[in-house]
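Chain by chain, the residues run as shown.
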Amino acid sequence: MKEIIVMGSGYGSNFQAIYEYFKDKPLTIKALISDNPRAYIIERARLLNVRSVVLDYKSMGKEKYNEELLKVLSSLEPFNLIVLAGYMRIIPEFIVKKYWKKIINIHPSLLPAFKGLRAIERAYNYGVKITGITIHWVNEFVDEGEIIEQVCIRIEENDNLETLESKIHELEHYYYPRIIERILFHPK
Ligand code: GAR
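Notes on the structure follow. (Residues numbered from 1 in each chain as written. Predicted model: local features only at pLDDT ≥ 70, side-chain atom pairs only at ≥ 80, totals over all residues. Heavy atoms only, no water.)

Some details on helix α1 (residues 13-21)
Most of α1 is tucked away: seven of the nine residues are buried. Along α1, the residues that are buried comprise Ser13, Asn14, Phe15, Gln16, Ala17, Ile18 and Tyr21. Close packing links the buried residues of α1 with β1 (2-8), β2 (27-34), α2 (40-48), β4 (81-84), β5 (103-107) and α7 (161-185). (Buried < 20%, exposed > 50% of the residue type's maximum accessible area, 1.4 Å probe, protein only. Helix = DSSP H or I, 4+ residues; strand = E, 2+ residues; numbered from the N terminus. Contact = heavy atoms within 4.5 Å.)

A short note on the packing of aromatic side chains
Inspection of every chain in the model, using the stated rule, returns six aromatic pairs. Between the aromatic rings of Tyr11 and Tyr40, the centroid separation amounts to 5.8 Å while the plane-to-plane angle is 25 degrees, which identifies the pairing as stacked. Remark: Tyr40 occurs in helix α2 and Tyr11 occurs in the loop between β1 and α1; sequence separation between them is 29 residues. Judged by relative accessible area, Tyr40 falls into the partly exposed class, the value being 39%. (Phe/Tyr/Trp six-rings, centres within 6.5 Å; stacked < 30°, edge-to-face > 60°.)

Observations regarding unusual backbone geometry
Each neighbour pair has its own omega, and for Glu77 with Pro78 the value is 0 degrees, a cis peptide bond. When you line up the elements, Pro78 lands in the loop between α4 (62-76) and β4. One non-glycine residue, Lys101, lies in the positive phi region at around 60 degrees. You can see Lys101 is positioned in the loop between α5 (93-98) and β5. Take Lys101: its relative accessible area is 36%, and that puts it in the partly exposed class. Although it is not a glycine, Arg118 sits at a positive phi angle of roughly 50 degrees.

Examining the pairing of β5
Among the five residues of β5, five are classified as buried, and the element is accordingly described as predominantly covered. Burial along β5 is two-sided: the residues Ile103, Asn105 and His107 and Ile104 and Ile106 are all buried. Note: β4 against β5, three bridges, orientation parallel. By the bridge assignment, Ile82 is partnered in β5 with Ile103. Remark: the β4/α5/β5 crossover connection has right-handed handedness. (Pairing = 2+ DSSP bridges. Right-handed = clockwise from strand over helix to strand, strands pointing away.)

A short note on the packing of α1 against α7
The contact between α1 and α7 brings their axes to 9 Å, and the two run at 55 degrees. The pairing of α1 with α7 is recorded here as oblique in orientation. Where α1 crosses over α7, the handedness of that crossing is right-handed. Residue-level contacts link Ser13, Asn14, Ala17, Ile18 and Tyr21 of α1 to Glu172, His173, Tyr176, Pro177, Arg178, Ile180 and Glu181 of α7. (Axes fitted to C-alpha atoms, helices over the stretch in contact; angles between N-to-C directions. Parallel < 35°, antiparallel > 145°, perpendicular 65-115°, else oblique. Left-handed = near helix turned anticlockwise from the far one by under 90°.)

Considerations on the sheet that holds β2
Reading across from one edge, β3-β2-β1-β4-β5-β6-β7 is the order of the seven strands in this open sheet, with mixed pairing throughout. Each having just a single partner strand, β3 (52-54) and β7 (147-154) make up the two edges of the open sheet. The sheet shows a mean angle of 20 degrees between the axes of neighbouring strands, taken without regard to direction. In terms of strand pairing, strand β6 (residues 130-137) meets β7 through seven bridges, oriented antiparallel. Each residue of the ladder has a partner; that of His136, found in β7, is Ile147. This element, α4, spans β1, β2, β3 and β4 of the sheet and lies at about 165 degrees to β2.

If you want it as structure tokens, here you go:
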């Protein structure tokens, strides 16, 4: 049985997609970690019976939060992979080093374009004709690190921001679980 940790800050649709894809497969989500006590992803974890650990970044401050995060991750070992799914904080260097090539992230653009927040909206407003998703190893910088996979999509004339967002999320929900599976069960 493989075990993963998911980390997220928001709505949690990728977390849900990962959970559903692996429901009958030999992989379990050992825990969800969130930095945001108000995030819907925590409610999803409760409904799915996944253990959740909430560390309130805003009340702790960066240093204390990162120290606690390291403690929580250490206490959850062993696990095979840390999966960032809408996790909106930087993983500090000391955690990246400890878990080198054990943390992946998904981002809703073709990196290195449109790093950071509201990537879909910024790509749409820029007027690019092709955009997509990127899954990459995590380093200590925002939305950087060796690319594992990218999938592209054409922005059609009749797309608006809403249709584009839903197409991108559909791609994410399809590919993220399958890339996790490839990394853990069919490494090169
Ligand atoms: C996803 O689109 C993910 O790619 C993005 O946040 C969204 C989370 O949605 N991540 C980033 O922008 C990372 N820089 P979700 O909470 O419904 O999975």
